[in-house]
Every structure is written in C-alpha cells, then in structure tokens.
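Coordinates in review
Given next are the chains, with one letter for each unit.
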Amino acid sequence: MSHLSRRAFLQGSALAVSAGAVSRIAAASLPEAVIQTQAGTQPPLNPASGRPYQPVVTLNGWTLPWRMNNGIKEFHLVAEPVVREIAPGMKANLWGYNGQSPGPTIEVVEGDRVRIFVTNKLPEHTSVHWHGQRLPNGMDGVTGLTQPGIKPGKTFVYEFVARRAGTFMYHPHADEMVQMAMGMMGFWITHPKDPSFMRVDRDFVFLLNAYDIEPGAATPRVNQMTDFNLWTWNSRAFPGIDPLVVRQHDRVRIRVGNLTMTNHPIHLHGHEFVVSGTDGGWTPPASRWPEVSVDIAVGQMRAIEFDASEPGDWALHCHKSHHTMNAMGHEVPTMIGVDQKSVLKKINQLIPDYMVMGDKGGSMGEMEMPLPDNTLPMMGGQGPYGSLEMGGMFSVVKVRAGLARNDYRDPGWYRAPAGSVAYEWQGAAADLPAAGSPRPAASDAADKETVVNVVKPAAHRHQ
Ligand SMILES: [Cu+2]
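Bear in mind that the values here come from a model prediction, so they are computed numbers and not experimental data.

Scoring rules and cut-offs
- Residues numbered from 1 in each chain as written.
- Predicted model: local features only at pLDDT ≥ 70, side-chain atom pairs only at ≥ 80, totals over all residues.
- Heavy atoms only, no water.
- Pairing = 2+ DSSP bridges.
- Helix = DSSP H or I, 4+ residues; strand = E, 2+ residues; numbered from the N terminus.
- Axes fitted to C-alpha atoms, helices over the stretch in contact; angles between N-to-C directions.
- 1 Å grid on protein atoms, 1.4 Å probe; cavity = no way out; pocket = protein on both sides within 12 Å on 5 of 7 lines; lining within 4 Å.
- Points joined across faces, edges and corners; volume = space filled by probe spheres on them.
- Nonpolar A, V, L, I, M, F, W, Y, C, P; charged D, E, K, R; others polar.
- Salt bridge = Lys/Arg side-chain N within 4 Å of Asp/Glu carboxyl O.
- Phe/Tyr/Trp six-rings, centres within 6.5 Å; stacked < 30°, edge-to-face > 60°.
- Lys NZ or Arg CZ within 6 Å of the ring centre and 35° of its normal.
- Donors = N, O, S within 2.8 Å, 3.2 Å for Na, K, Ca; no water.
- Buried < 20%, exposed > 50% of the residue type's maximum accessible area, 1.4 Å probe, protein only.
- Polar contact = N/O pair within 3.5 Å; in protein donor to acceptor, adjacent residues only side chain to side chain.
- Contact = heavy atoms within 4.5 Å.

Let's talk about the sheet that holds strand E22 (residues 312–318)
Overall, mixed pairing links the 5 strands, which are arranged E15-E25-E22-E17-E20 in an open sheet. Edge positions in the open sheet fall to strand E15 (244–247) and strand E20 (293–296), since each of these has one partner strand only. Averaged over all neighbouring strand pairs, the angle between strand axes comes to 20°, with direction disregarded. Bridge count for strand E17 (residues 264–268) against E20 is 4 bridges, and the pairing is antiparallel. Bridge assignment links Pro-265 to a residue of E20, and that residue is Asp-295.

Now the structure itself:
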C-alpha cells in the first residue's frame, strides 16, 4: 500500500477527542487515520490481523486499514473536504472520507466486534449510517433520531458486532441531500466467517453515484434532484474508470451499491451472471436465474457472479444511454436531418470555432471543439478501433488467459484472433442476400407514406 500516507490526529489540540462521546475509552489513543492520495484502484488488502477472509478490490478505491485492540477491530474515518479527480482533466471539490470520495471500503468478518472512530472535519455536523446492518439502534447513525450530530472538530465512536455477512454501504444521515450530493459515502463488506463459503477468485466493489457540476466549475450543485450531468462509479467517469481485470475461468463477483437518485440497469457483455446477493444477504442458489443485466434501484446493493469463460474486452455499463455520456446538456433539440450549412456560415462570423452538431446523429467521438477548463472530454475513451463513444458509467471487464492469481494490472487491449472480428463486406452489392421478407400487397396502409402524429408533453426531462 505504497500510496497511503498517514496523519496522527493526536497532535494538535484542535482535534481533541470529545470526552463525553468517548468516555469509556477516553484514555486510549485514537487509531491512525490513514488517508489515500491516489484515485487508481489499489491492490486488495490482505488481512494481517483478525480473522482470515478473501479481500475485495474496490474499483478506483481502497480498503481502510485497521488495528486490533483487545479483540476489537478499530477503524478511524475522517469526514473532510477532498479533491477527487473525476477523470484525467477534471477535478471536483467534494466531501468524503480519509482523502477521497467515496471513502475507503471497510472489510470485516461476520462476528467481528467493530469500533469505528468518526472525526468530523466538515464545516457542519454529520453522522454515519451503516446501511443494511443489524446493530443496536443507537449505533444506526440517524441524526436527531438515534444520536446528536457530530459537530465540526468532534469525534464520535460507533461500536457493534458485524452480525450478518453481506454487502453494505455507509453514508451520512445528516443534511443528507447536501452531504450525499457532495460525495459522502463508502462501501462496507462483511465477509462470511468461513472463508470457503461463496468463495470467488475476484471480488470487485463500487458505488453508483452522480454529480451535477457545470462545465468549468468544480463544486457540485447540491440542489439537483434529477438532471445530473456526471454519472459516475466511485466518483469516477469513464475514461477515468479502471478496467476490471480478470483471469480466464476465474469465478468473478461484482458488488454494486446505488446511492444516486435513479435506478441503473447494469449490463455485462459476453457472459451471463446470477444475482448471488441482495440487500438482505446471499440469495439461495435455487432462486437464481441467469441474466445479462441487473437493475439496481435507489439505495439497493446487488452482488452478481459469473465464470469468466470468454477471453476479450467486455463492456460493463449502465444501460441508460444518457448515463454512458459525460457532462452534457439535456435541453438540446434533435437536429438529425436538418441542414445547418447556411446558419453555420453566419455563426462562424461571430464564433469561428463553432461546429454544426447532430445533423447526421449524435456521434461526436472524433469532434474537437474548445471546452471550458476543468471539463471532461465528451465521450472521451479511445479504444483499439477508435473512439468508444461512451463515458460516465462504463468500464471494461478484461478477461485474459494466463494472468497470475493476484494480478490486477491493466493488460492492454484484447488482441482478437485472426478472423474473429467483424469486418467490412468486400464483395459486390448484388451478391448480398436480399434484405427482409417480401413486401405485403399494396392494398393496405403499409405502402402509404408514413405519417406519425405524436402529441408530446410540453416539458420532458430526462433522467
Ligand atoms: Cu445509469
């Protein structure tokens, strides 16, 4: 874990422990608050203490180290403003934990007694809700209902037994519209007591989240409810999302939590998977059926599993096409088929760089137009065959033969065997098979010119 840096919070009086909140252990020192300065995927953190488990890999993230204290697993989360690189070329001013947004993944084992110190370095009070856990009511982290807010500069302690193995999240239940919109969230994994139960070779985790950051700006508009322009995984947008590197024939699990304000049908190419885990725990094997997409609703968590039998570069993406775009305006008229040549000449006298867009479709992967500072390139990923024309909630599962068990390094683009790639037809047009079935007799409406009359609602907003 060479990218970690450490801060000791006992130095300096500004962060003195709130004696009232931590009276039982006030004499003890706080565990180190380890911070992360890199946005890249960090290697799995193999447990050096506590019970054994198979660690997960957090996409563009990391796992929080802990210390054992008399059999209790102690973590230290610091809620604080962070600068998160959304993708190369764009940074955002967010709120997160321990240097990044989302915060680090917390990994524990079923039956572990867990103590989490939460220090608040935000300008307003906060709390942490441990989403999906069975725990004492007073540890549930709902400001006003189960505890007072953690005031700026104060440290609170949460302590409970991780009773149920599964996939969980953490996020504030304090001014949550603002704090979630600013990026306060993280993943939590409770591993089964028996490390061989539901064991897989590679276990990836990430959160679905979304931001509304105007081009050229860096701070999210926290009042946005539906019209987000940055659809992200772990606060990263493709091409800033790392690939999921997998050895051929590995059993692969991908766990996804949704902390946006809409659902996301997550779709994997080239393989079928089963939903092996939901918010409530593992699904019984008899209840699983094969899928290639799983819809993850707001506030939900899903674990999917598959055998990575097919080598290649397989797209993994949200199937809402607007979510595989980067920062885009939605109030744009459709210009397909509209001749804009004459108006272009006039506009170019005023704005020399202006380009006609959309008269042949939306394909803008090859277009170069000056962008405001701190803006993502539109649909900016370059693949081996040209522009990928996708951004936002998109990545690639890279299945390769011959990788080492713990090798997560990007193997580069897949080299398809000769003769296995879609290719251009070189023969004569006359040799093509006739398209479609014979047309019906000209007696009915099928031969008349098509006229579609549609009454559209006056205001339509995408989400
Ligand atoms: Cu989506």
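Let's talk about the layout of surface pockets
Empty space within the second largest pocket amounts to approximately 460 Å³. Together, 20 residues line the second largest pocket, and Asp-313, Trp-314, Pro-384, Tyr-385 and Tyr-414 are the ones closest to its centre. Of all the secondary-structure elements, those providing two or more residues to the lining of the second largest pocket are E22, strand E24 (386–387) and strand E25 (394–400). For the lining of the second largest pocket, the leading source of residues is E22, giving 4 residues. The residue makeup of the lining of the second largest pocket, split by class, is 13 nonpolar, 6 polar and 1 charged.

Overview of the pattern of salt bridges
Taken as a whole and assessed by the stated rule, the structure comprises 22 salt bridges. Between Asp-250 and Arg-202 there is a salt bridge, with the nearest N and O atoms lying 2.7 Å from each other. Placement of the pair is Asp-250 in the loop between E15 and strand E16 (251–258) and Arg-202 in strand E13 (residues 202–211), with a sequence separation of 48 residues. A salt bridge links Asp-250 to Arg-247, with the shortest nitrogen-to-oxygen separation between them at 3.0 Å.

Points about empty space enclosed by the protein
Within the structure shown, the criterion is met by 4 cavities of 30 Å³ or more. Size it by volume and the largest cavity reaches roughly 60 Å³. Every residue lining the largest cavity is counted, 14 residues in all, and those nearest its centre are Thr-58, Gly-61, Pro-102, Gly-103 and Asn-234. In the lining of the largest cavity, the residues fall into 4 nonpolar, 9 polar and 1 charged.

Overview of the packing of aromatic side chains
Within the structure shown, the criterion is met by 13 aromatic pairs. Ring geometry for Trp-66 versus Phe-75: centroids 6.1 Å apart, planes at 55°, classification tilted. The rings of Tyr-97, Trp-130, Tyr-158, Phe-160, Tyr-170 and Trp-188 are connected pair by pair, giving a single aromatic cluster. Sitting over the face of the ring of Tyr-408, Arg-202 holds its NZ or CZ atom 4.6 Å from the ring centroid.

Thoughts on the coordination of the copper ion
Each protein donor to the copper ion is listed here as His-264 (ND1), Cys-318 (SG) and His-323 (ND1); together their distances run 2.0 Å. With relative accessibility at 1%, the residue Cys-318 sits in the buried group.

Notes on the pairing of E25
Extensive coverage of E25 is indicated by the burial of 7 of its 7 residues. Both faces of E25 are covered, namely the face carrying Phe-394, Val-396, Lys-398 and Arg-400 and the face carrying Ser-395, Val-397 and Val-399. Here 4 bridges tie E15 to E25, and the two strands are oriented parallel to one another. Its bridge partner lying in E25, Val-246 is registered against Val-399. With 6 bridges joining them, E22 and E25 adopt antiparallel strand pairing. Across the sheet, residue His-317 finds its bridge partner in E25, namely Phe-394.

Some thoughts on the sheet that holds strand E9 (residues 129–131)
Spatial ordering of the open sheet is given by E7-E12-E11-E9, a layout of 4 strands whose pairing is mixed. Across the chains shown, the open sheet's two edge strands, defined by having one partner strand only, are strand E7 (106–109) and E9. For this sheet the average axis-to-axis angle between neighbouring strands, irrespective of direction, equals 25°.

Some thoughts on the side chain of Asp-250
Classification of Asp-250 as buried rests on a relative accessible area of 2%. A polar contact of 2.7 Å, which involves the side chain of Asp-250, links it to the side chain of Arg-202. Non-local contacts of Asp-250, meaning those with residues more than four positions away in its chain, are made with Asp-201, Arg-202, Phe-306, Asp-307 and Ala-308.

Overview of the side chain of His-131
Inspection of the secondary structure assignment puts His-131 in strand E9. A residue is classified by how much of its surface remains accessible, and His-131, at 16% relative accessible area, is buried. Discounting residues that sit within four places of it in the chain, His-131 has contacts with Phe-168, Met-169, His-171, Gly-299 and Met-301.

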